[in-house]
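These are the residues of each chain, in order.
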Amino acid sequence: HSFPTRRSSDLSDMTRIDKQVTAGQTIQAAYEGSDSDLAAYLAKLQAAKIKTFLRLDNKAAKAGDTAALISVVNAHKDNPVIAGWLLYDEPEYDDMEHSQLAAALIKDYQAIKTADPNHPVAVVFGEGYCSYVGNKVNSDFFKAEDIVMFDQYPIHTQPEFGSTPNGHYQFN
């Protein structure tokens, strides 16, 4: 079960989802986008029986703007396609002091769990694997999540998942 991510700029390419279903995908992360794009995207995922961890706005999370985060959570928590919430992507690379960022994310996590206790909250790390990240990042980040995810992209050579928006990987 692969787990590619979709950025908002990719939401117009719904044909990709059909290829992903054929390839056996059952879950992915959907990045924030416009309300209309996101609604169409979530509807397509639901039709394809693919669940998603909906990525929340990093800027709002970092700023401790729980009202903005909870607005998104409340708008989508009853959608059957939601597998959980992706609170933050790669906090270890953020320029904010890590103890300060972790404190903001813990506050965000608590607010999200209060608004929606039924879905897990995830944080994605770019640094490899469990034992490495566990020893290299501020351990308080782990208090802001139910699930740890890693940016390891096993699909770079699978054309059914398509090209990346920045052109780094091209599949035709």
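Before reading further, recall that the structure is shown in the block above.
Treat the numbers as computed from the prediction; the structure is a model and nothing was measured. (Residues numbered from 1 in each chain as written. Predicted model: local features only at pLDDT ≥ 70, side-chain atom pairs only at ≥ 80, totals over all residues. Heavy atoms only, no water.)

## Side note on the environment of Asp-94
Mapped onto the fold, Asp-94 is located in the loop between β4 (82-89) and α5 (98-115). On a C-alpha basis, the gap between Asp-94 and Lys-62 in space is 9.5 Å, while along the polypeptide they are 32 residues apart. Apart from the residues within four sequence positions on either side, Asp-94 is in contact with Lys-62, Tyr-88 and Leu-101. Separated by 2.9 Å, the side chains of Asp-94 and Lys-62 make a polar contact. Within the local environment of Asp-94, its side chain forms a polar contact with the backbone nitrogen of Met-96, the two atoms lying 2.8 Å apart. (Helix = DSSP H or I, 4+ residues; strand = E, 2+ residues; numbered from the N terminus. Contact = heavy atoms within 4.5 Å. Polar contact = N/O pair within 3.5 Å; in protein donor to acceptor, adjacent residues only side chain to side chain.)

## Points about the pattern of salt bridges
The tally for this structure, following the rule as stated, stands at 6 salt bridges. The shortest N-O distance in the salt bridge between Asp-89 and Arg-55 comes to 3.9 Å. Placement of Asp-89 in strand β4 and of Arg-55 in strand β3 (residues 51-55) is noted, with a sequence separation of 34 residues between them. For the residue pair Asp-89 and Arg-55, the accessibility class agrees, reading buried in each case. (Salt bridge = Lys/Arg side-chain N within 4 Å of Asp/Glu carboxyl O. Buried < 20%, exposed > 50% of the residue type's maximum accessible area, 1.4 Å probe, protein only.)

## A few points about the nonpolar core
With 34 residues, the main nonpolar core has Trp-85, Leu-87, Leu-105 and Ile-112 as its most contacted residues. The set of elements that each furnish at least two residues to this core consists of α2 (35-48), α3 (58-63), α4 (66-76), β4, α5 and β5 (121-125). Per element, the largest residue contribution to this core is 7 residues, and it comes from α5. Discounting residues that sit within four places of it in the chain, Leu-87 has contacts with Leu-56, Asn-58, Ala-61, Leu-69, Leu-105, Asp-108, Tyr-109, Ile-112, Val-121, Ala-122, Val-123 and Ala-144. If you look at the next biggest cluster of nonpolar residues, it comprises 7 residues, including Ala-29, Ala-122, Val-124 and Met-149. (Core = buried A, V, L, I, M, F, W, Y, C linked by side-chain atoms within 4.5 Å.)

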